[in-house]
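Residue-level structure breakdown
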Amino acid sequence: MPLLIVKSPKKMQALAESIRADGKTIGLVPTMGALHDGHLKLVDIAGKKADIVIVSIFVNPAQFAPGEDFGKYPRSFKSDCEKIEKAGARIVFHPSTRDIYPEDYSTFIDPGRIGSILDGARRPGHFKGVATICAKLFNITKSHIAVFGQKDGQQLAVIKRMVRDLNLDIDIIKAPIVRTAAGVAMSSRHSYLSEKGLEKAKVIRKSLLLAKEMIAGGERSTKTIENRMRKLIQAVPETKVDYISFDRWDDLEPMNKLLGRVMISLVTVIEGVRLLDNEIIRIEN
Ligand code: PAF
């Protein structure tokens, strides 16, 4: 069956209803397009968990602050559709901004503290925009499951919290980070980087692995680990650390002691581009 492109939220809901009436399950992969292998992995995982996979492509203005890259965010709808079809999804939901946010639109979801720390502190309102669009996409596509990548770890935590807090009838699946051959976590924003920039980005993974190694060797001082990570990154010219944080997975509460499941988040700025990466590890003692 050829790929079906649905633009109207009402038509998408009607189609989702008929899929459900046929006794089939729906898996959603929410995206903003500019698809890379990381997104295709999400499609693959969704295909293993649900009968019909819907990929949404919508560059969501509500999650960009004024002055951020909404206008220049890469858009490649035609090639995205080719990739989606090859990856085995059946439906693309590609609404207009006006259909999602009519002129008098006024309802937003505020995720609270979990959305206002870390990246939320640097990008105020970002996770309010993410939570709102995801809740809308869940309702429009009537999905049973939705797959999110671990690379955007805080986003995943915010969505899981929203689903729990609002009793949304959907399962959120965490997909592993997909990396380039050089170990850089895949991101649509790589298109902003020069080859040299991508080369420099290798240090991100290296410093996360250093943190893991130090913890495996018994180090428990986040200050000591952070200092070593910063040193490694700062040795690469024109590469800045935005932040390094050690938080409990998956509520992102600060940790007095490194114990249990921990997300080590690292945001680095290279050539003006913020690159997110993380490791989620279990510390037994
Ligand atoms: O991760 C993204 O691409 C976006 O934040 C999402 C989840 C599609 C919401 O716009």
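These remarks concern the structure in this document. (Residues numbered from 1 in each chain as written. Predicted model: local features only at pLDDT ≥ 70, side-chain atom pairs only at ≥ 80, totals over all residues. Heavy atoms only, no water.)

1. Describing the sheet that holds strand β3 (residues 52-57)
Pairing in this open sheet of six strands is parallel, and the strands run β1-β4-β3-β2-β5-β6 from one edge to the other. Strands with a single pairing partner mark the edges of an open sheet, and in this sheet they are β1 (4-6) and β6 (171-175). Across the sheet, the axes of successive neighbouring strands diverge by a mean angle of 25°, strand direction being ignored. Judged from the five bridges that link them, strand β5 (residues 145-149) and β6 form a sheet pairing that is parallel. By the bridge assignment for β6, F148 is matched with K174. Sitting on the sheet, helix α7 (residues 153-165) touches β5 and β6, and the angle it makes with β6 is about 165°. (Pairing = 2+ DSSP bridges. Helix = DSSP H or I, 4+ residues; strand = E, 2+ residues; numbered from the N terminus. Axes fitted to C-alpha atoms, helices over the stretch in contact; angles between N-to-C directions. Contact = heavy atoms within 4.5 Å.)

2. Some words on the site of the ligand
The environment of the ligand is formed by P30, T31, M32, N60, Q63, I133, C134, F148 and Q155. Take Q63: an N or O atom from its side chain is 2.6 Å from an oxygen atom of the ligand. Q155 has a polar side-chain atom sitting 2.7 Å from an oxygen atom of the ligand. When residues of the shell around the ligand are traced back to their parent elements, those giving at least two are β2 (26-31) and α6 (126-141). In terms of residue class, the shell around the ligand is made up of five nonpolar, four polar and no charged. (Near = heavy atom within 4 Å. Polar contact = N/O pair within 3.5 Å; in protein donor to acceptor, adjacent residues only side chain to side chain. Nonpolar A, V, L, I, M, F, W, Y, C, P; charged D, E, K, R; others polar.)

3. Quick word on the sheet that holds strand β7 (residues 239-248)
On the basis of which strands lie adjacent, the open sheet formed by three strands has the order β7-β8-β9 and antiparallel pairing. On the outer flanks of this sheet lie β7 and β9 (273-283), each paired with one strand and no other. Each adjacent strand pair in this sheet contributes to an overall mean axis angle of 15°, direction not counted. Its contacts with the sheet put helix α9 (residues 202-216) on β7, β8 (260-270) and β9, and the angle it makes with β9 is roughly 20°.

4. Observations regarding the pairing of β2
Across the six residues that make up β2, a large majority, six, are buried. With six bridges connecting them, β2 and β3 associate as parallel partners. From the neighbouring strand, V29 faces β3, where its bridge partner is V55. The β-α-β motif built from β2, the intervening helix α2 (residues 37-49) and the parallel element β3 has right-handed crossover chirality. Judged from the two bridges that link them, β2 and β5 form a sheet pairing that is parallel. Across the sheet, the residue bridging to G27 is I145, located in β5. (Buried < 20%, exposed > 50% of the residue type's maximum accessible area, 1.4 Å probe, protein only. Right-handed = clockwise from strand over helix to strand, strands pointing away.)

5. Observations concerning the side chain of R123
Within the fold, R123 resides in the loop between α5 (119-122) and α6. Look at R123 and you get buried, because its relative accessible area is 12%. For R123, the contacting residues outside a window of four places in its chain are Q63, F64, E68, R189 and R274.

6. Focus: the packing of aromatic side chains
Counted by the stated rule, this structure contains seven aromatic pairs. Ring centres of F58 and Y101 lie 6.3 Å apart, and the angle between their planes is 45°; this geometry places the pair in the tilted category. Here F58 is found in the loop between β3 and α3 (77-87), whereas its partner Y101 is found in the loop between α4 (97-100) and α5, with 43 residues between them in sequence. You'll find F58 and Y101 in the same group, each marked buried. Here F64 and Y73 contribute two aromatic rings whose centre-to-centre distance is 5.9 Å and whose plane-to-plane angle is 75°, an arrangement assigned as edge-to-face. (Phe/Tyr/Trp six-rings, centres within 6.5 Å; stacked < 30°, edge-to-face > 60°.)

Such coordinate-based values are descriptive only and should not be taken to indicate function.
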